[in-house]
Amino acid sequence: MSMMKQRILRISFVGILAFGLLLGGQILYRTNWVNGQLAQNSRQISGVISAQITAENGQKVLEVTTNHVQNLEKVGQQLETLAGENPIRLKDQRTPELERLMAKMEFPLQEGITQGNFTQMEETLQQQATQARVDLELSMNSEGIYVNLTQGQAQLLEVIERPGQGKFLPSRSQ
């Protein structure tokens with residue numbers, strides 16, 4: 001191979017490398033800037049510690065870490081504005097007791113949604129919460145049902161959406 005061809009190859013390689021570094025830097029910068037803006041804006045939402053875009057199975061998700069949320073419906077709407085097109089995953093401070101109670105509540109919740117008997121559903125859920133000595137904050141709108149179970153320092157948050165919404169993923173422990 002002639003010296004000229006070697007030089008062209010070397011210059012091409014350096015050019016490709018520099019372009020790759022610039023592109024990588026821009027992607028990193030954009031991700032960090034977006035997450036920086038999200039963190040700043042999310043701190044203004046009561047009960048939200050942090051919010052960041054993460055990748056889950058190749059899908060972008062707004063992951064929100066919470067602490068003593070009050071009025072989950074309002075917080076949910078504020079998060080939807082922040083999330084844009086991305087689904088939201090709430091991370092709460094749940095305990096096994098709260099998870100068991102939520103599992104029991106799933107039946108009246110689904111029954112309420114399918115049959116539309118929300119008054120009966122609300123009564124049943126309040127009874128279950130009272131028996132378990134858990135505070136239940138329940139609200140609903142046209143998009144879904146917002147369940148907030150609080151017991152001391154522990155809290156479980158769940159948004160049960162009407163079918164086809166896809167804005168909230170199942171919540172998880174922090």
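Just so it is clear, the structure is predicted and the values come from calculations on it, not from any experiment. (Residues numbered from 1 in each chain as written. Predicted model: local features only at pLDDT ≥ 70, side-chain atom pairs only at ≥ 80, totals over all residues. Heavy atoms only, no water.)

Peer 1: For the overall build of the chain, give the residues involved together with the corresponding values.
Peer 2: Secondary structure summary: the chain contains four helices and seven strands in total. The order of helices and strands in the chain, counted from the N terminus, is α-β-β-α-β-α-α-β-β-β-β. Counting all 174 residues of the chain, 38% fall into the buried class. If you take every contact in the chain between residues at least 6 apart in sequence, the share linking residues at least 24 apart comes to 53%. (Helix = DSSP H or I, 4+ residues; strand = E, 2+ residues; numbered from the N terminus. Buried < 20%, exposed > 50% of the residue type's maximum accessible area, 1.4 Å probe, protein only. Contact = heavy atoms within 4.5 Å.)

Peer 1: Explain the sheet that holds strand S5 (residues 144-151) to me, and be specific about the residues and the numbers.
Peer 2: What the three strands build is an open sheet, ordered S4-S5-S6; its pairing is antiparallel. Looking at the sheet topology across the chains shown, the edges are occupied by strand S4 (135-140) and strand S6 (154-161). Geometrically, the sheet is characterised by an average inter-axis angle of 10 degrees between neighbouring strands, direction not taken into account. Sheet topology places S5 next to S6; eight bridges connect them, and they run antiparallel. Following the sheet pairing, Asn 148 is matched in S6 by Leu 157. (Pairing = 2+ DSSP bridges. Axes fitted to C-alpha atoms, helices over the stretch in contact; angles between N-to-C directions.)

Peer 1: Can you tell me about helix H4 (residues 118-131), naming the residues and giving the values?
Peer 2: Its 14 residues give H4 an end-to-end C-alpha distance of 20 Å, which sits within 8% of 20 Å, the value for a rise of 1.5 Å per residue. Residues Met 121, Leu 125, Gln 128 and Ala 129 constitute the buried set of H4. Seen end-on, H4 carries its buried residues on one side only, within an arc spanning 95 degrees. Counted as exposed and oriented over 90 degrees from the buried face of H4: Thr 119, Gln 127, Thr 130 and Gln 131. On its buried side, H4 packs onto helix H3 (96-115), S4 and S5. Two residues or fewer after H4 comes Arg 133, characterised by a positive phi angle close to 55 degrees. (Expected span 1.5 Å × (residues − 1). Arc of directions from axis to C-beta.)

Peer 1: Break down the side chain of Asn 148 for me, citing the residues and quoting the values.
Peer 2: Among the secondary structure elements, Asn 148 is positioned in strand S5. Classification of Asn 148 by relative accessible area gives buried; the value is 2%. Within the structure, the side chain of Asn 148 is placed 3.1 Å from the side chain of Gln 155, a separation counted as a polar contact. Asn 148 has contacts with Val 69, Gln 70, Asp 135, Leu 136, Glu 137, Gln 155, Leu 156 and Leu 157, leaving out every residue within four places of it along the chain. (Polar contact = N/O pair within 3.5 Å; in protein donor to acceptor, adjacent residues only side chain to side chain.)

Peer 1: So, the sheet that holds strand S1 (residues 48-56): which residues are in play, and what are the values?
Peer 2: Strand order in the open sheet made by the four strands is S1-S2-S3-S7, with mixed pairing throughout. Two strands lie at the open edges of the sheet, namely S1 and strand S7 (172-173), each paired on one side alone. The pairing of strand S2 (residues 59-66) with strand S3 (residues 88-92) spans four bridges and is classified as parallel. Paired with Glu 63 across the strands is Arg 89, a residue of S3. Here helix H2 (residues 72-83) sits on the sheet in contact with S1, S2 and S3, set at roughly 135 degrees to S3.

Peer 1: Got a sec to walk through the pairing of S1? Specific residues and values, please.
Peer 2: The two faces of a sheet get side chains in turn, since along a regular strand they alternate between them. Judged from the eight bridges that link them, S1 and S2 form a sheet pairing that is antiparallel. Considered in S2, the bridge of Ala 55 is made with Lys 60. Where S1 folds back on S2, the antiparallel hairpin that results is connected by two residues, among which Asn 57 adopts a positive phi of roughly 50 degrees.

Peer 1: Now, about the pattern of salt bridges: what can you tell me, with residues and values included?
Peer 2: Two side chains with opposite charge may pair up if their charged atoms get near one another. Counted by the stated rule, this structure contains nine salt bridges. Residue Arg 94 is joined to Asp 92 by a salt bridge in which the shortest nitrogen-to-oxygen separation is 2.8 Å. Judged on exposure class, the residue Arg 94 and its partner Asp 92 are both buried. Put simply, Arg 100 and Glu 97 hold a salt bridge, and the shortest N to O gap is 3.8 Å. Remark: Glu 97 and Arg 100 occur in helix H3; sequence separation between them is three residues, near one turn of the helix. Its relative accessible area of 43% is what places Glu 97 among the partly exposed residues. Residues joined by salt bridges that share partners form a network here, namely Asp 92, Arg 94, Glu 99 and Glu 158. (Salt bridge = Lys/Arg side-chain N within 4 Å of Asp/Glu carboxyl O.)

In short, the description is geometric, and any link to function would need to be established separately.
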